Amino acid sequence: MPRGRYSLHDPHDHTPIGEEHFHCAPGTSGWRYVSQLTTPAGDHAGSVDLTIDALGRPIRVELHAASWRVRGAALDGVTWVRTDPTGADADEGNVPAHAFTGTSPAFLVATAQLLRLEAGSAPTRVRLVRFTDPVLAPRTVDESWALLNSETHATDNGPLVVDTYQVTALDTGDQAAVHIAGDVVLAAPGIELEHLETPPSPLI
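Before going into details, it helps to say that this report is about the structure given with it. (Residues numbered from 1 in each chain as written. Predicted model: local features only at pLDDT ≥ 70, side-chain atom pairs only at ≥ 80, totals over all residues. Heavy atoms only, no water.)

**As for empty space enclosed by the protein**
This model, assessed by the stated rule, comprises one cavity of 30 Å³ or more. For the largest cavity, the calculated volume is near 40 Å³. For the largest cavity, the full set of lining residues is Leu50, Ile52, Gly56, Pro58, Ala99, Phe100, Phe107 and Ala110. Going through the elements one at a time, strand S4 (44-53), strand S9 (99-101) and helix H1 (106-115) are the ones with two or more residues in the lining of the largest cavity. (1 Å grid on protein atoms, 1.4 Å probe; cavity = no way out; pocket = protein on both sides within 12 Å on 5 of 7 lines; lining within 4 Å. Points joined across faces, edges and corners; volume = space filled by probe spheres on them. Helix = DSSP H or I, 4+ residues; strand = E, 2+ residues; numbered from the N terminus.)

Shown next, in the form of structure tokens:
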């Protein structure tokens, strides 16, 4: 069960956003990721609880940020309920998309698992619903993913396979490199793995 800490920063000007303390593990029906978010000052800033099935589809997601809450799952595309800080209003949403995404590294692992790309194959287009900080506002985005290469590195715990993806935002054309080992993101725009207690688990 990988357990560790990511540092999060603005991918454009590198302003620190905070840290994400996480643990994740594969199970009999899929993969689960749970984390707590803190501000640069160390204050609690939210949480992520994501479960995907063996095909990479989100069967449960619950996000908390700035007193806002989102619960969602794959249902007729993706469906979610977003509740305001007072708890008085809840807005439902549904989009014919493949999965969810957001700031958390968990979503990168989940998308990689969903697509199951092969190195050298043509880029694959995927439609996602992104929950943007700080109020978890939903926005539908289209991305293109390509697996550029997979490299095996020798470690004290045995071989470690690192997959390098090229992710392109189709609305802007911006491209980014995402490096994933098993179910842990090693590096991506705005994300750095700062500490890892146990080795990554293989993708389900």
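Now that the structure has been shown, the text picks up again.
**So, the packing of aromatic side chains**
Counted under the stated rule, the structure contains seven aromatic pairs. Consider the rings of Tyr6 and Phe22, whose centres lie 4.6 Å apart with planes at 20°: the pair is stacked. In this pair, Tyr6 is assigned in strand S1 (residues 3-9) and Phe22 in strand S2 (residues 16-26), connecting sequence segments 16 residues apart. Residue class for Tyr6 comes out buried when judged on its relative accessible area of 1%. When its relative accessible area of 2% is taken as the criterion, Phe22 is described as buried. When the ring of Phe22 is compared with that of Tyr33, the centres are 5.6 Å apart and the planes differ by 10°; the resulting orientation is stacked. Within this pair, whereas Phe22 is found in strand S2, its partner Tyr33 is found in strand S3 (residues 30-38), the two being separated by 11 residues in sequence. Its relative accessible area of 1% is what places Tyr33 among the buried residues. Of the aromatic side chains, those joined through ring pairs into one cluster are Tyr6, Phe22, Trp31 and Tyr33. (Phe/Tyr/Trp six-rings, centres within 6.5 Å; stacked < 30°, edge-to-face > 60°. Buried < 20%, exposed > 50% of the residue type's maximum accessible area, 1.4 Å probe, protein only.)

**Examining the pairing of S2**
In this structure, S1 lies alongside S2, joined through seven bridges in antiparallel fashion. For Leu8, the partnering residue across the bridge sits in S2 and is Gly18. Connecting S1 to the next strand, S2, in antiparallel fashion are six residues, including His14 with a positive phi near 65°. Here S2 runs beside S3; their pairing, made up of eight bridges, is antiparallel. Its bridge partner being in S3, Glu20 is matched across the sheet by Leu37. Linkage of S2 to S3, two consecutive antiparallel strands, is achieved through a turn of three residues. (Pairing = 2+ DSSP bridges.)

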